[in-house]
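Each chain, letter by letter, is given below.
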Amino acid sequence: MQKNNQAVFRQSFTVRSYEVASDQKATLPSVCDYFQEAAGVHAQQLDFDISQLQEQNLTWVLYKMHVKMNRFPERWNEIEVETWPSSGDGIRAFRDYELKDSRGTILGAAISQWMVLNIKTRRPVRMPQAVLDMGINTSRHVIEIDKKPVEPVKKQNHRFLLSVGEYDLDMNNHVNNVSYIRWITGFRPAGITAGKKCTEINIQYVSEAVLGDEIYQATEPVEDSAGHYRQTLYKNNDFKVIAAAVTKWDE
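The rules behind the values
- Residues numbered from 1 in each chain as written.
- Predicted model: local features only at pLDDT ≥ 70, side-chain atom pairs only at ≥ 80, totals over all residues.
- Heavy atoms only, no water.
- Helix = DSSP H or I, 4+ residues; strand = E, 2+ residues; numbered from the N terminus.
- Polar contact = N/O pair within 3.5 Å; in protein donor to acceptor, adjacent residues only side chain to side chain.
- Buried < 20%, exposed > 50% of the residue type's maximum accessible area, 1.4 Å probe, protein only.
- Salt bridge = Lys/Arg side-chain N within 4 Å of Asp/Glu carboxyl O.

1. Describing the side chain of S30
Inspection of the secondary structure assignment puts S30 in helix α1 (residues 28-45). Side chain to side chain, S30 and T27 meet in a polar contact 2.9 Å long.

2. Topic: helix α4 (residues 177-186)
In terms of residue burial, α4 counts as a mostly covered element, since eight of its ten residues are buried. One side-chain oxygen of the residue at the start of α4 lies 2.7 Å from the amide nitrogen of V178, identifying that residue as N176.

3. Description of the environment of T59
For T59, the location among the structural elements is in strand β2 (residues 58-69). Residues T59 and P124, 65 residues apart in the sequence, show an inter-C-alpha distance of 9.5 Å.

4. Observations concerning the pattern of salt bridges
Counted according to the given criterion, the structure contains nine salt bridges. Of the charged contacts in the structure, one is a salt bridge between R71 and D101, with a shortest N-O distance of 3.0 Å. Separated by 30 residues along the polypeptide, R71 in the loop between β2 and β3 (78-86) and D101 in the loop between β4 (93-100) and β5 (106-118) bring together distant segments of the chain. When its relative accessible area of 17% is taken as the criterion, D101 is described as buried. A salt bridge links E98 to K100, with the nearest nitrogen and oxygen atoms 3.9 Å apart. With respect to class, E98 is no different from K100; both count as buried. Taken together, the shared-partner salt bridges connect R10, E82, E98 and K100 into one network.

Written out as structure tokens, the structure reads:
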């Protein structure tokens, strides 16, 4: 895939001790933090950071995130995120990511689907043409785009996880995108042994959660697909779906 260098952004990170699990390898939420940080810096450079959109009474909303890991970097490893906006469809803008080690080997990849929301109506609006124009016009992505909805698990299988605290929130006082991934992957499904970790997640963000919300999780295995699970997050006594995901767990 030919990439326009002006549209590609690279940012280096060092894997810190507080970003790894007991195996001394970065957790999946830490990898997603790298992706989110690089995307945010790049968006600001392109003049389409969330604060710049808010000047037009608009804001970014993450609709879906699909991450696949080949290998997790270890503590103190020097790594690099390469990310670029790619072709959109008028309603959604896509962003690709690659995580590389110091030799340039691809450790993992991701693709995110974004929408622009009118702050007053809380409804999606057509993507500004300037956003579509900045993306790389390609039909190929690091991960194939999946536009099908992620179906939630029935709530009768739920279990209580936690109440939302201040450190779960983002700059908009809503639960941070990566917090959802941390909850889904940090409370392992029944039957998953301690030696396994989540190596792939395809998550759809359905609704917002805020400070004090009670979070519940429901999980069920995907039929005829070993190691794959459907996992759903709900909030409060009405069990409103806030996120639905399909995950893969490997040794």
